[in-house]
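Report on the structure
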Amino acid sequence: MEDISRMIAGFRRFHNVYFHGDKELFDELIGGQRPKTLVIGCCDSRVDPAMITDSAPGELFVVRNVANLVPPYEPDMAHHGISSALEYAVCDLQVQHVIVLGHSQCGGIGYLMNHEGVGDREFIGHWVGMMAAAKTEVLQRLPGKSAEVQQRACEQAAILLSLDNLLTFPWLRRRAEQGTLSLHGWYFDLGCGELLSYDPHSGVFKSLVTADAS
Ligand SMILES: [Zn+2]
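Values in this document were obtained by computation on a predicted structure and should not be read as measured data.

What follows deals with the overall build of the protein. Each helix and strand counted, the protein has nine helices and six strands in total. Here the protein has a C-alpha radius of gyration of 19 Å; the compact-globule value for 214 residues is 17 Å, and the two agree. If one aligns the C-alpha atoms of the protein with their principal axes, the spans along those axes are about 55 × 45 × 40 Å. Across the 214 residues in the protein, those meeting the buried criterion constitute 36%. By sequence separation, contacts in the protein at least 24 residues apart represent 63% of the contacts at least 6 residues apart. Surface summary for the protein: the accessible area is close to 12,700 Å², and the carbon and sulfur share equals 55%. On the protein, the mean spot of the 17 positive side-chain charges and the mean spot of the 26 negative ones are 1 Å from each other.

The following block contains the structure:
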């Protein structure tokens, strides 16, 4: 119960400092949210999109899943949580940016790299197996490299595959082609605290800003 008590104490601080401290913002948010950005992040407890980007309530529309994956457009009767969030953000909230935020030391991508097929889990293997093509591409491109190097490459390759999958959603693709929606592939390096962004011109992830820069 110690962890829960700490969270309740944390909520008290949030209530005093933010809720009462910025009453104007919260009064405005009662009227509705108008975030400009959708972030697809990982469930990982170390990679909170709002915390990493120092964003305020109302600024980011966030959906998180194991390994920050975007599935392809599959309009069937299955339960599509990620696709629902995409649809709401793009068609209703009319966000202007979609960021796929990956990260180093990702347990989900680690599972993909370290198991043949779906492995021994009921759900995770099938979920991350969506990125099997990224794994195959990395193993062909970097044979003989260390497991760490291959995993990092796969974490980044999976971001690119998710960006491709985003464009399979017709209403999202339409807005991207119209120029009213920008797609971004970001990668947070836990080891050095660096945030990288995929540069389609050079085909590599480049630093947006280093941890010690102002
Ligand atoms: Zn992760």
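Turning next to the pattern of salt bridges. For the structure on display, the rule yields seven salt bridges. The partner of Asp199 in a salt bridge is Lys206, and the shortest N-O contact between them spans 3.1 Å.

Within strand S1 (residues 37-42), six of the six residues are buried, which leaves the element mostly enclosed by the surrounding structure. With burial as the criterion, each face of S1 is covered, one bearing Thr37, Val39 and Gly41 and the other bearing Leu38, Ile40 and Cys42. Of the strand pairs in this sheet, S1 and strand S3 (residues 97-103) are connected by four bridges, and their pairing is parallel. Each residue of the ladder has a partner; that of Ile40, found in S3, is Val100.

Next up on the list: the coordination of the zinc ion. A four-donor tetrahedral metal ideally has 109.5 degree angles, and a six-donor octahedral metal ideally has angles of 90 or 180 degrees. In the first shell of the zinc ion, the protein supplies Cys42 (SG), His103 (NE2) and Cys106 (SG), at 2.0 to 2.3 Å from the metal. The sequence pattern formed by the donor residues of the zinc ion is C-x60-H-x2-C. One end of the pair, Cys42, is in strand S1; the other, Cys106, is in the loop between S3 and helix H5 (107-114), and 64 residues separate them in sequence.

Mapped onto this structure's residue numbering, the UniProt feature "binding site: Zn(2+)" (unreviewed entry) falls at Cys42, Asp44, His103 and Cys106. For this annotated set, covering 65 residues, all C-alpha atoms fall within 9.1 Å of each other, a compact arrangement in space. Setting aside residues no more than four positions away along its own chain, Cys42 makes contact with Val47, Arg64, Asn65, Val66, Ala67, Asn68, Leu101, His103 and Cys106. Following the sequence through the fold, Asp44 ends up in the loop between S1 and helix H3 (49-52). Of the residues examined, Asp44 reaches a relative accessible area of 14% and is grouped as buried. Not counting the four nearest positions on each side in its chain, Asp44 is found in contact with Arg64, His103 and Gln105. Only 2.6 Å separates the side chain of Asp44 from the side chain of Arg46, close enough to count as a polar contact.

On to the domain arrangement of the protein. Along its sequence, the protein is organised into domain 1 (1-32) and domain 2 (33-209). Measuring from the centre of the C-alpha atoms in domain 1 to the corresponding centre in domain 2 gives 29 Å. Listed per partner, the contact involves five residues of domain 1 and five residues of domain 2. Summing the contributions of domain 1 and of domain 2, the shared interface buries around 390 Å²; its carbon and sulfur component is 64%. When residues of domain 1 are sorted by the area they lose upon contact with domain 2, Leu25, Leu29 and Gly32 head the list and together hold 71% of the total. Our count for the contact surface shared by domain 1 and domain 2 stands at zero salt bridges. In this structure, the connection of domain 1 to domain 2 is made through zero residue pairs in polar contact (both at pLDDT 80 or more). For the side of domain 1 that touches domain 2, the residue count by class is three nonpolar, one polar and one charged.

What counts and how
- Residues numbered from 1 in each chain as written.
- Predicted model: local features only at pLDDT ≥ 70, side-chain atom pairs only at ≥ 80, totals over all residues.
- Heavy atoms only, no water.
- Helix = DSSP H or I, 4+ residues; strand = E, 2+ residues; numbered from the N terminus.
- Rg over C-alpha atoms; globule rule 2.2 N^0.38 Å.
- Buried < 20%, exposed > 50% of the residue type's maximum accessible area, 1.4 Å probe, protein only.
- Contact = heavy atoms within 4.5 Å.
- Areas by Shrake-Rupley, 256 points an atom, 1.4 Å probe, with all protein chains shown as cover.
- Lys, Arg positive; Asp, Glu negative; His and termini not counted.
- Charge placed at Lys NZ, Arg CZ, Asp CG, Glu CD.
- Salt bridge = Lys/Arg side-chain N within 4 Å of Asp/Glu carboxyl O.
- Pairing = 2+ DSSP bridges.
- Donors = N, O, S within 2.8 Å, 3.2 Å for Na, K, Ca; no water.
- UniProt positions renumbered as here; feature names shortened; annotations may be inferred.
- Polar contact = N/O pair within 3.5 Å; in protein donor to acceptor, adjacent residues only side chain to side chain.
- Domains from an automatic or database assignment.
- Buried area = accessible area lost by both parts, 1.4 Å probe.
- Nonpolar A, V, L, I, M, F, W, Y, C, P; charged D, E, K, R; others polar.

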